[in-house]
Amino acid sequence: ADLEKAQTSLGGFPWWPGGPPSPYMTLYIVYGFSKALEFGVDVPQPVVRRAFGYLHRWYLDEMVDHMLGLDCCWEFVTYLNYVLSNFPDPSWYEGTFTPDDRARMLEHSWRHWREHQPLLKGYLALTLHREGRTDDARLVWDSVMDSAKTDRDLGTYWAPEDRAWLWYNDTTETHALALRVLSELEPDDDRRDG
């Protein structure tokens, strides 16, 4: 109810009630809704659709030119496409992100996969897998697991990122997503238990 009240007339969510909408906060909240759905929480679809409407307008107005013209912004695009892939069906973003939009986003992320940090590679691997590109998903995820260390006492881990303050370098979130990716792509991998 608080989130519904905070959603602006444009469909975006602000950092604080009454503030201007933020594409970053909106995407983060929509991601939270996708996780709630996964665990059986009743999520109001109209709220999610309005948020995707806002994100799609922002994507078209801001991201497409940067993404294609400046060949940048793959971090946000990768996360956005991953969040879209979390929803059970396209009715959650109907009338916004088309299959062509999603394919363009995926190709942009794929073109830059080697530059992604491990967290983003996990997002990309799951998105590729969910789009039926299993070999590409394994290539991306194998590159993450190749950089992991496994120790009897510490389990499987990665060295902390240099710039952990960047949202896509968070060590804890990277480890949590690694468990998710292994559960979906390689559930029998022994490193999952560590």
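In what follows, the structure referred to is the one given above.
Residues numbered from 1 in each chain as written. Predicted model: local features only at pLDDT ≥ 70, side-chain atom pairs only at ≥ 80, totals over all residues. Heavy atoms only, no water.

(A) Focus on the packing of aromatic side chains. Within the structure shown, the criterion is met by 13 aromatic pairs. On the numbers, 5.0 Å between centres and 35 degrees between planes, the contact of Tyr79 with Tyr123 is tilted. Of the two residues, Tyr79 is situated in helix H4 (residues 74-86) and Tyr123 in helix H6 (residues 118-130); the sequence distance between them amounts to 44 residues. As far as burial versus exposure is concerned, Tyr79 and Tyr123 are alike and both buried. Taken together, the ring pairs connect Phe52, Tyr59, Phe87, Trp92, Tyr93 and Phe97 into an aromatic cluster. The ring of Trp110 has Arg133 lying over it, and the distance from NZ or CZ to the ring centre is 5.3 Å. (Phe/Tyr/Trp six-rings, centres within 6.5 Å; stacked < 30°, edge-to-face > 60°. Helix = DSSP H or I, 4+ residues; strand = E, 2+ residues; numbered from the N terminus. Buried < 20%, exposed > 50% of the residue type's maximum accessible area, 1.4 Å probe, protein only. Lys NZ or Arg CZ within 6 Å of the ring centre and 35° of its normal.)

(B) Structural detail: the nonpolar core. Of all hydrophobic cores here, the largest spans 57 residues; its most connected members are Phe52, Leu55, Leu80, Val83, Phe97 and Trp141. Elements supplying a minimum of two residues to this core: helix H2 (23-38), helix H3 (45-69), H4, helix H5 (99-111), H6, helix H7 (134-146) and helix H8 (171-185). Setting aside chain neighbours within four positions, we find Trp141 in contact with Pro118, Gly122, Ala125, Ala178, Val181, Leu182, Leu185 and Glu186. (Core = buried A, V, L, I, M, F, W, Y, C linked by side-chain atoms within 4.5 Å. Contact = heavy atoms within 4.5 Å.)

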